[in-house]
Amino acid sequence: MSSPAVSLYLDPQIRDWVLFPITLVMILVGILRHYVVLLLQSSPKKLPKAAIREQRALARSQILRATSANSSIPPTFYRSISIHLAAAFDAGTYLKDGPPKGDAPSTPPNPMSDPAAMDGMMAGMKTQMVMMVPQMVIMGWINFFFQGFVLIKLPFPLTLGFKSMLQRGIETPDMDVRWVSSLSWYFLNFFGLNGLYRLILGSDNSAADSSQTMMASPFAGAGGQPGQPQDYVKLFKAEKDNLAFAEGTYSWMGDDVETRLLRKYGKL
Amino acid sequence: MSLSSALETLANYRAHNTRASQDIVDKGKPLLNNAASKLGDDAWSFLEQLALAAIEIGDLDVADECLRQLGEKFPESPRVDILSGIRIEATERPEIALKFYDDLLEADSSNAAAYKRRISVLKRIGKIEQAVTELSEYLDTFYSDVEAWVELAELHSSCNQYTFALQALSHALLLAPQNPFYVLEFAETAYTANDIPLAIKMFMLAIDIADRHDSEESIPTGASVRAWYGVKLCCRSLSEKPSSPSASDTPFPKNLNLLDELATERVLTAYSAAGKEGAAGRELVLSWMGPSDRSGSRVHFVR
């Protein structure tokens, strides 16, 4: 194995012309990327009223269900709301395109055919491209010019397990793990600069999350899947059953309120 | 008055939604020229506040200047559009304002503020029926707007449609179950609709919510005084007519006598504690309550 006697001498020129430039370029590219993403972001698309209604219909019954065990409204009113919602869910009143006609089989809508969904996906892809392209260019640059360079020596010893992490691009089994290669320095920066970006650009910048989004595929990572359409027909059917369950657990807060009050004021 | 203290007052008004239009205009007028350079990011909310206040007290020149500055900064903002709509309402005929809001809604059918302005114009020109229809339609989409539900209830009440009012209020209760004032309003509407058993239950619920952290000795204040009054009224009405109808099939409360006694006691506590200024009212309340035996036996009414 490597003996401490065998030591490398690092030319200070490497520090000045390789180590610092790589770090600086990565920081600057991160900042640049932040502003490019800002430019690319299109304002969120406005939903038409019918679509909002469809989206929020579920919230209505969820609000009703959430308090059903200790509801603030009397039984008559609870039941009338519950029955009304269940009937509306059953008939599909809240669906964006009106109640379904006939017995047409409900197929999940194809995301590619809906222009609104496509827009969301394209926005995600654009952001992804801005993330990926500069990283690939920098990596190519480092690979081309500085392949096999040893840049720094860590001031602490490490086990052999770190060899693949710190000496990528240098295939020497005997070198001490403390030496860091240029490609590994790139990766260390890539994952380690988030804190710095957060200091420079604020906490919600788009440069910092590069390492996270890099791992995800461009389709999955597109901001909480805005393009993924939901099958409201199915959701409404399920919500109807939930409503029936909730009605079973319903009780009114006012049922024994007089006993509670009289107890509190010591009359009972 | 120094600049900084004026700004602080204005910011305070904004934060608490205080309606002190005259004061806002007095304080804000000197700041109007080049507000953006003087106030920085605060300028825009200040201009909006000043514009609304100026429209309210009829200082339309100030309002127009505010609108001009806001319009330059945010050319297509829906918020500025609404403000211009209010400016139109101030001078033009209601039809023109309605047309303006219609155009806004045509451009963006999800503009909640435009709906609400439209409804308020309809209400103002007396088209209650149309206002109710549009408000229901609005709430069908924007369900979680508690204040709109309360407004719908008030519109229904104004037409003596108490059942519908109660239904609207029950939505408000679902959305804000922690607010005793909505429960109180529900109770009062039920009382007006002559559903006394429901009303007494809701009055008690209001007390239960408002008094949650009070102890037995504490003095009832605010919503709970009114609610105790309500309980007292309902008790009296129920003991006069023990078979009063309940549209909502609410069961009769148990221990009606004890409740009556407790309500009397609580209302009197509230009046006794009010100090000297409450003393005059106290006599009236006492005579209304009838000669009650505070030591805890049955309360007798004087009719």
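Being a predicted model, the structure only gives us computed values, none of them experimental.

About the thresholds
Residues numbered from 1 in each chain as written. Chains lettered and ligands numbered in written order. Predicted model: local features only at pLDDT ≥ 70, side-chain atom pairs only at ≥ 80, totals over all residues. Heavy atoms only, no water. Helix = DSSP H or I, 4+ residues; strand = E, 2+ residues; numbered from the N terminus. Contact = heavy atoms within 4.5 Å. Areas by Shrake-Rupley, 256 points an atom, 1.4 Å probe, with all protein chains shown as cover. Buried < 20%, exposed > 50% of the residue type's maximum accessible area, 1.4 Å probe, protein only. Salt bridge = Lys/Arg side-chain N within 4 Å of Asp/Glu carboxyl O. Patch = residues over 30% accessible without salt bridge, like charges linked within 9 Å, V, L, I, M, F, W, Y side chains within 5 Å. 1 Å grid on protein atoms, 1.4 Å probe; cavity = no way out; pocket = protein on both sides within 12 Å on 5 of 7 lines; lining within 4 Å. Points joined across faces, edges and corners; volume = space filled by probe spheres on them. Nonpolar A, V, L, I, M, F, W, Y, C, P; charged D, E, K, R; others polar. Domains from an automatic or database assignment. Buried area = accessible area lost by both parts, 1.4 Å probe. Polar contact = N/O pair within 3.5 Å; in protein donor to acceptor, adjacent residues only side chain to side chain. pLDDT = per-residue confidence, 0-100. Phe/Tyr/Trp six-rings, centres within 6.5 Å; stacked < 30°, edge-to-face > 60°. Lys NZ or Arg CZ within 6 Å of the ring centre and 35° of its normal. UniProt positions renumbered as here; feature names shortened; annotations may be inferred. Axes fitted to C-alpha atoms, helices over the stretch in contact; angles between N-to-C directions. Parallel < 35°, antiparallel > 145°, perpendicular 65-115°, else oblique. Left-handed = near helix turned anticlockwise from the far one by under 90°.

Colleague: Would you explain the overall build of chain B in this entry?
Modeller: Summing up its helical and strand segments, chain B has 16 helices and 0 strands in all. For chain B, restricting intrachain contacts to residue pairs at least 6 apart in sequence, the fraction spanning at least 24 positions comes to 53%. Accessible surface computed for chain B: about 14900 Å², of which carbon and sulfur atoms make up 51%.

Colleague: What is the right way to read the overall build of chain A from this model?
Modeller: Tallying secondary structure elements over chain A gives 10 helices and 2 strands in all. In sequence order, the secondary structure elements of chain A are arranged as α-α-α-α-β-α-β-α-α-α-α-α. Buried positions account for 37% of the 268 residues belonging to chain A. Surface exposure of chain A reaches about 15500 Å², of which carbon and sulfur atoms provide 64%.

Colleague: Would you take a moment to explain the pattern of salt bridges for this structure?
Modeller: Residues and elements named next belong to chain A. Scanning the model with the defined rule gives 26 salt bridges over all chains in all. Across the pair Asp-16 and Arg-15 runs a salt bridge whose closest N-O atoms are separated by 3.2 Å. Looking at Asp-16, the relative accessible area reads 35%, which means it is partly exposed. Of the residues examined, Arg-15 reaches a relative accessible area of 42% and is grouped as partly exposed.

Colleague: I tried to follow a nonpolar patch on the surface on my own but got confused; where do I start?
Modeller: On the surface, a cluster of nonpolar side chains totalling about 230 Å² of accessible area is made up of Leu-32, Val-36 and Leu-40 of chain A. The exposure class assigned to Leu-40 of chain A is partly exposed, which follows from its relative accessible area of 31%.

Colleague: Mind showing me how you'd approach the layout of surface pockets here?
Modeller: Unoccupied space between atoms shows up once a probe the size of one water molecule is rolled over them. All names here are of chain B. Here the second largest pocket is characterised by a volume of approximately 1400 Å³. As for the second largest pocket, its lining consists of 35 residues, and the residues nearest its centre are Asn-17, Leu-52, Ile-82, Ile-86 and Arg-117. For the lining of the second largest pocket, the secondary structure elements donating two or more residues are helix H1 (3–16), helix H2 (21–28), helix H4 (42–57), helix H6 (78–91), helix H8 (112–124), helix H9 (128–141) and helix H10 (146–158). Looking at the lining of the second largest pocket, its residues break down into 16 nonpolar, 6 polar and 13 charged. Residues from two domains meet in the lining of the second largest pocket; each of domain 1 (1–91) and domain 2 (93–163) gives at least three.

Colleague: What is the right way to look at the interface of chain A and chain B in this model?
Modeller: By a widespread convention, an interface's size corresponds to the accessible area lost as its parts come together. Taken residue by residue, the interface counts 33 residues in chain A and 44 residues in chain B. Here chain A meets chain B over a buried area of about 3700 Å², counting both sides, of which 64% is carbon and sulfur. For the chain A face of the interface with chain B, the top three residues by lost area are Lys-49, Tyr-265 and Lys-267 of chain A, together amounting to 21%. The partner of Arg-53 of chain A in a salt bridge is Asp-140 of chain B, and the shortest N-O contact between them spans 2.7 Å. The interface formed by chain A and chain B contains 12 residue pairs in polar contact (both at pLDDT 80 or more). Among the elements of the structure, helix H2 (49–66), helix H3 (75–91) and helix H10 (257–264) of chain A are those that each provide at least two residues to the side of chain A that touches chain B.

Colleague: Looking at this structure, I do not really get the confidence of the model for chain A. What am I missing?
Modeller: For any part of a model where pLDDT is low, the fine detail of the predicted coordinates should not be relied upon. All names here are of chain A. Residues at a pLDDT of 70 or more form 82% of chain A, whose mean pLDDT is 80. Averaged pLDDT values for the elements of chain A fall to 50 in helix H8 (residues 210–215) and rise to 91 in H3. Confidence drops under a pLDDT of 50 for residues 214–227, and excluding neighbours within four residues, the segment shows 16 contacts in the predicted structure.

Colleague: How should I be thinking about the packing of aromatic side chains in this particular structure?
Modeller: Any pair of aromatic rings gets described here by the distance separating the centres and the angle formed by the planes. Applying the stated criterion across every chain yields a total of 21 aromatic pairs over all chains. Aromatic pair Phe-100 of chain B and Tyr-101 of chain B: ring centres 5.8 Å apart, planes at 70°, arrangement edge-to-face. Its relative accessible area of 23% is what places Phe-100 of chain B among the partly exposed residues. Their ring planes at 55° and their centres at 5.8 Å tell us that Tyr-229 of chain B and Trp-288 of chain B sit as a pair that is tilted. With a gap of 59 residues between them, Tyr-229 of chain B in helix H14 (residues 223–240) and Trp-288 of chain B in helix H16 (residues 276–289) connect regions that are remote in the sequence. Assessed through its relative accessible area of 21%, Tyr-229 of chain B is described here as partly exposed. The exposure class of Trp-288 of chain B is partly exposed, given its relative accessible area of 30%. Grouped by ring-pair contacts, the aromatic residues Trp-141, Phe-144, Phe-145, Phe-146 and Phe-149 of chain A constitute a single cluster. Taking NZ or CZ as reference, Arg-168 of chain A lies 5.2 Å from the ring centre of Phe-187 of chain A, over its face.

Colleague: Help me understand the UniProt feature "repeat: TPR" (unreviewed entry) in chain B, please; the structure alone is not making it clear to me.
Modeller: In the UniProt entry, the feature "repeat: TPR" (unreviewed entry) is given for residues 146–179 of chain B. Helix makes up 79% of residues 146–179 of chain B and strand makes up 0%, while its end C-alpha atoms are separated by 11 Å.

Colleague: Just to check I follow, could you spell out the side chain of Lys-49 of chain A for this structure?
Modeller: Residue position: Lys-49 of chain A is located in helix H2. Residues in contact with Lys-49 of chain A, not counting those within four places in the same chain, are Ser-109, Tyr-115, Glu-137 and Thr-141 of chain B.

Colleague: Would you take a moment to explain the side chain of Glu-239 of chain A for this structure?
Modeller: Residue and element names in this part refer to chain A. For Glu-239, the location among the structural elements is in helix H9 (residues 232–248). A polar side-chain atom of Glu-239 sits 2.4 Å from a polar atom in the side chain of Ser-61. Dropping the residues within four chain positions of it, Glu-239 is found in contact with Leu-58, Ser-61, Gln-62, Arg-65 and Phe-89.

Colleague: What should I look at first to understand the packing of H2 of chain A against H3 of chain A in this one?
Modeller: Helix packing for two helices is described by the angle between their axes and how far apart those axes are. All names here are of chain A. For the pair H2 and H3, interaxial distance at closest approach is 11 Å and the crossing angle is 150°. Judged on the interaxial angle alone, H3 and H2 are roughly antiparallel. Relative to H3, the crossing made by H2 is left-handed. Residues Ala-57, Arg-60, Ser-61 and Leu-64 of H2 form the contact with H3, whose participating residues are Tyr-78, Ile-81, Ser-82, Leu-85 and Phe-89. Across the contact of H2 with H3, the residue classes tally to 6 nonpolar, 2 polar and 1 charged.

Colleague: Would you mind showing me how to read the UniProt feature "transmembrane region" (unreviewed entry) in chain A here?
Modeller: Residue and element names in this part refer to chain A. The feature "transmembrane region" (unreviewed entry), as annotated in UniProt, sits at residues 17–40, 130–152 and 183–201 in this numbering. Strand forms 0% of residues 17–40 and helix 100%; the C-alpha atoms that close the span are 33 Å apart. Between the first and last C-alpha atoms of residues 183–201 the distance is 26 Å; the span itself is 95% helix and 0% strand.

Colleague: What is the right way to read unusual backbone geometry from this model?
Modeller: Across the chain, the bulk of peptide bonds are trans and the bulk of non-glycine residues have phi less than zero. All names here are of chain B. A positive phi angle, close to 65°, is found at Asn-160, a residue other than glycine. Looking at where Asn-160 falls in the secondary structure, it is placed in the loop between H10 and helix H11 (162–175). Even without being glycine, Asn-194 reaches a positive phi, approximately 65°. With respect to the element layout, Asn-194 can be found in the loop between helix H12 (180–192) and helix H13 (196–210).

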